[in-house]
Amino acid sequence: MALEKAVIEAGGAGGGKGKTIEVQYNPLSLKIRAESRGTVMSGLLAAQEEGDIWQAVSAEGTSLSFELIFAGEETKARVEELLSLLKDRAARQVDFCWGRISFQGEIERMSVCYDMFSEEGDPVSAKASLVILQAGDGAQGDGYWEDAFERFLSQ
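Residues numbered from 1 in each chain as written. Predicted model: local features only at pLDDT ≥ 70, side-chain atom pairs only at ≥ 80, totals over all residues. Heavy atoms only, no water.

A. Geometry of the overall build of the chain. For the chain, the helix and strand inventory stands at 4 helices and 9 strands. The order of α-helices and β-strands along the chain, N terminus first, is β-β-β-β-α-β-β-α-α-β-β-β-α. The buried share among the 155 residues of the chain stands at 30%. Long-range contacts, defined as pairs at least 24 residues apart, comprise 60% of the intrachain contacts of the chain with a sequence gap of at least 6. Of the roughly 10300 Å² that the chain leaves accessible, carbon and sulfur atoms contribute 52%. (Helix = DSSP H or I, 4+ residues; strand = E, 2+ residues; numbered from the N terminus. Buried < 20%, exposed > 50% of the residue type's maximum accessible area, 1.4 Å probe, protein only. Contact = heavy atoms within 4.5 Å. Areas by Shrake-Rupley, 256 points an atom, 1.4 Å probe, with all protein chains shown as cover.)

Take a look at the structure:
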């Protein structure tokens, strides 16, 4: 049985489906980071007003980060296809799919490092680091993480 390749499905204009990019090599790891909206501070500042003060310390949401490796003569074209997703807001809305894993969000950050070149100076190897942010407003839908956790445990 062949190992399934991960894909990035980009949103299209008007909410339709855009392009699908199949990775050349599956990521070695996936990192998920969840952040809360803020924290309640009490003390001197709170004494100035009735009740506690709410301080936003970070944006609420969950992010998925991973690295993709590209190799061969098509390296530059594959990297440019990935970078093209950043050009408009609709294309930045993506669904990262790999086997039973599906993570929907917006590409927040992407960086590319070309690390090997041909004699002509063309890139033949690169690493792309991506961060996909899922807003804390329930973008995945109610019960998404509970369902994902159950699927993970049932494998």
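And the narrative resumes.
B. Expanded view of the nonpolar core. Counting 23 residues, the largest nonpolar core has Ile8, Phe66, Leu68, Leu82, Leu85, Phe96 and Leu130 as the members making the most contacts within it. When contributions to this core are tallied by element, the ones reaching two or more residues are β1 (7-11), β6 (61-71), α2 (75-83), β7 (93-98), β8 (101-117) and β9 (123-135). Contacts of leucine 85, omitting those with residues within four sequence positions, involve Ile8, Ala10, Lys19, Ile21, Ala91, Arg92, Val94 and Ile107. (Core = buried A, V, L, I, M, F, W, Y, C linked by side-chain atoms within 4.5 Å.)

C. Just a negative patch on the surface, in detail. Where like charges cluster on the molecular surface, the negative patch consists of Glu73, Glu119, Glu120 and Asp122. On the secondary structure map, aspartate 122 appears in the loop between β8 and β9. (Patch = residues over 30% accessible without salt bridge, like charges linked within 9 Å, V, L, I, M, F, W, Y side chains within 5 Å. Salt bridge = Lys/Arg side-chain N within 4 Å of Asp/Glu carboxyl O. Lys, Arg positive; Asp, Glu negative; His and termini not counted. Charge placed at Lys NZ, Arg CZ, Asp CG, Glu CD.)

D. Geometry of the environment of methionine 110. The topology assignment puts methionine 110 in strand β8. By relative accessible area, methionine 110 is classed as buried at 14%. Linking methionine 110 and leucine 130, residues 20 residues apart in sequence, is a C-alpha distance of 4.5 Å. Methionine 110 has contacts with Leu82, Leu83, Leu86, Ser129 and Leu130, leaving out every residue within four places of it along the chain.

E. Expanded view of the side chain of aspartate 95. Residue position: aspartate 95 is located in strand β7. On the basis of relative accessibility, which here comes to 15%, the residue aspartate 95 falls in the buried class. At 2.8 Å, the side chain of aspartate 95 and the side chain of serine 102 are in polar contact. Excluding residues within four positions of it along the chain, aspartate 95 makes contact with Val7, Ile8, Glu9, Ser102, Phe103 and Gln104. (Polar contact = N/O pair within 3.5 Å; in protein donor to acceptor, adjacent residues only side chain to side chain.)

F. Structural view of the pairing of strand β3 (residues 31-35). Counting buried residues along β3, only 0 of its 5 residues qualify, which leaves the element largely exposed. Direction of pairing for β3 relative to β6: antiparallel, over a ladder of 5 bridges. Looking at β6, one finds that isoleucine 32 is bridged to leucine 64. (Pairing = 2+ DSSP bridges.)

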